[in-house]
Amino acid sequence: MSATTYHLPAGMPRPVPEPDGLDAPYWDGTRRDELRVQRCRGCQGWQWGPEWICHRCLSFDLDWTTVAPHGRIYSWERAWHPVHPALRGQRPYVIVLVELPHAGGIRMIGNLLDAPEGDIPIGAPVAAVFEPHDDAAPPFTLVHWRKTA
Amino acid sequence: MRTIRGQVAIAGVGETTYYKHGQAPEPEVKLALRAILAACEDAGIDPRQIDGFASYSNDRNDPSRLAAALGLPELRFSNMQWGGGGGGGSAAVGNAAAAIAAGYADCVVVFRALAQGQFQRFGAAPPAATASGEASLTFPYGLISPAQRFAMKVMRYLHDHKIGAGAQRAIALASYHHAQANPRAVMHGRSLTAEAYDESRWIVEPFRLFDCCMENDGAAALILVSAERARDLRQRPAYLLGVAQGSEYRNAARGHNAPTYASSSFTTVAPHLWAMAGLASKDVNVVQSYENFTGGVLMSLIEHDFFAPEEANEFLTLENLTAPHGRLPLNTSGGNLAECYMHGLELQIEAVRQLRGASTSQVPGARVAMVISGPMVTPVSSMLLGTGDAL
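Presented here is an overview of the structure given in this document. (Residues numbered from 1 in each chain as written. Chains lettered and ligands numbered in written order. Predicted model: local features only at pLDDT ≥ 70, side-chain atom pairs only at ≥ 80, totals over all residues.)

A look at the interface of chain B and chain A
Here is step 1 of the chain: Every contact between the two is made by 37 residues of chain B and, on the other side, 32 residues of chain A.
Here is step 2 of the chain: Where the side of chain B that touches chain A is concerned, the elements lending two or more residues are β6 (130-131), α4 (146-161) and β7 (202-205) of chain B.
Here is step 3 of the chain: Counting residues per element, the side of chain B that touches chain A draws most heavily on α4(B), which supplies 6 residues.
Here is step 4 of the chain: The class makeup of the residues in the side of chain B that touches chain A is 18 nonpolar, 13 polar and 6 charged.
Here is step 5 of the chain: Note that strand β5 (residues 70-79) of chain A and β7(B) share 2 bridges and pair antiparallel. Residue pairing across strands places Ala79(A) opposite Val204(B), the latter belonging to β7(B). (Contact = placed C-beta atoms within 7 Å. Helix = DSSP H or I, 4+ residues; strand = E, 2+ residues; numbered from the N terminus. Nonpolar A, V, L, I, M, F, W, Y, C, P; charged D, E, K, R; others polar. Pairing = 2+ DSSP bridges.)

So, the sheet that holds strand β3 (residues 46-47) of chain A
Residues and elements named next belong to chain A.
Here is step 1 of the chain: On the basis of which strands lie adjacent, the open sheet formed by 3 strands has the order β3-β2-β4 and antiparallel pairing. Of all the strands in the sheet, the pair left with one neighbour each is β3 and β4 (62-67).
Here is step 2 of the chain: Bridge analysis of strand β2 (residues 35-40) against β3 gives 2 bridges, and the strand direction is antiparallel. Each residue of the ladder has a partner; that of Arg39, found in β3, is Trp46.
Here is step 3 of the chain: Along the sheet face, helix α1 (residues 24-31) touches β2 and β4 and points at about 145° away from the line of β2. (Axes fitted to C-alpha atoms, helices over the stretch in contact; angles between N-to-C directions.)

Remarks on the nonpolar core
Here is step 1 of the chain: Val96(A), Val108(B), Val110(B), Phe111(B), Ile223(B), Leu224(B) and Leu385(B) are the most contacted members of the largest nonpolar core, which has 165 residues in total.
Here is step 2 of the chain: Discounting chain neighbours no more than four positions away, the residues touching Val108(B) are Gly52(B), Phe53(B), Ala54(B), Phe77(B), Ala96(B), Ala99(B), Ile100(B) and Leu224(B). (Core = buried A, V, L, I, M, F, W, Y, C linked by C-beta atoms within 7 Å. Buried ≥ 20, exposed ≤ 12 C-beta atoms within 10 Å, placed from the backbone.)

Side note on helix α5 (residues 165-179) of chain B
Here is step 1 of the chain: Between the first and last C-alpha of α5(B) there are 22 Å, a value that for 15 residues agrees with the 21 Å anticipated at 1.5 Å per step.
Here is step 2 of the chain: Taking burial as the measure, the 15 residues of α5(B) include 13 buried ones, the bulk of the element. (Expected span 1.5 Å × (residues − 1).)

Structural notes on the environment of Ala227(B)
Residue and element names in this part refer to chain B.
Here is step 1 of the chain: Residue position: Ala227 is located in helix α7 (residues 227-230).
Here is step 2 of the chain: It is 4.5 Å that separates the C-alpha atoms of Ala227 and Val8, two residues lying 219 residues apart in sequence.
Here is step 3 of the chain: Ala227 has contacts with Gly6, Gln7, Val8, Ala9, Pro237 and Tyr239, leaving out every residue within four places of it along the chain.

A short note on the pairing of β2(A)
Residue and element names in this part refer to chain A.
Here is step 1 of the chain: Of all 6 residues in β2, 6 are buried, a share of seventy percent or more.
Here is step 2 of the chain: Side chains Leu35, Val37 and Arg39 project from β2 onto one buried face, and the interleaved Arg36, Gln38 and Cys40 project onto a second face that is buried too.
Here is step 3 of the chain: Where β2 lies against β4, 6 bridges are found, and the strand directions are antiparallel. Paired with Arg36 across the bridge in β4 is Thr66.
Here is step 4 of the chain: Hairpin remark: β2 followed by β3, antiparallel, with 5 residues in the connecting loop; positive phi at Gln44, about 65°.

Shape is all these values report; function is a separate question.
Structure (structure tokens):
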């Protein structure tokens, strides 16, 4: 995939896994078009973002589970003012907070692709769209969202 | 219950001239020193009596340096409130008061200084090419600045409670209205109309330009002493009635996963404040509520029980929010939007002025004044001050 197909311009901050390894399984999963989040082996509770301990039962025995890459819009915003040099000249873009009801209601952030003008419907179903940046060093994949109905 | 109520007072306040960001003619530490000396002069205290410092938001001006620069005989208390934004503004006052009540120190300065020409601005992204940790989940999607970080909380709140654009607008108009009476205000002489607000550009929906705070240069300082000692000093004391800080269950869960997401972070903090002060919202005469963004003020006022979410559209009008006779005079110096973004500490100073009867938009007979600091961050804090009559 070439750089021209990226949703936001080149030069945005690139995600890099934390030096302590906490979120590496998430970023590794996105390279395979998989959405991986934490699930506690002790109490089966879901957890996102990642942490070293389960906030429910305080077990350190956390697993990484692949979840179905869909959800519904919990909130949204449309950014107009370019806060980063790479965004100068960029048209307004929509950021969504997506709730995953089938994974304990955890929420994920991404851009809404093909966003309509005006208000974005809270509660609308969306599916993940994986955006690989294979030309980056090291390569990474972002996770965007698109309305499904 | 244990309470700070009535034990400590703000005896002096001081500030530099307030400047547009990057325009301070002096370095940040010099601004801090000037504000501290102005607060001492206001209180009628020899600066050499200071024996402690408290600040917040990683203020760059180390108490040990200030103590050396001021030639203090000894330093007994130095305190930094964790957390960014202006959430620590009232907590720093609480921490200083606790030190006095506990006997760690006798005369503590609360201060904040900013010279953004000398250092990085808050509203512009750092030029880093990579993002790690929580930032890796937001920065690559163009969710970077404070306005972008908080817009989705407010969007969800407005949606849940069917609150219209007029509510945020009234908060912005109130600050600008009060700034026109305040010659210290950076926006003095720059009035704002409802039409100009409505036509202003979006920064990030649901925030227009005038929903967002300024960024400024300057410094502010408060002198705290025991209530007993304050009674012998130059000014009418502003007694601390209560302070609370903190945030709800898992407020900082990464990637916008706080269970109570659409919140100003005060849902658990505010009840502690009221209990400590032995007061209710009906007892408050005037409120200074930190405007990082107007939507944060909206949620702060609701979470401090001034009105229900369903009443927001009718309560939040310019008429209700303006001194002298509005139902709840708000940000009577112009606040962060129109007086100065002194990281909120100008709000504490304005609350003291109201209790002295010295505001440029005075609420007649104000006995109890409230300050709400830094909504939507964690930890947040808020405080209540009163005149001697309120004790």
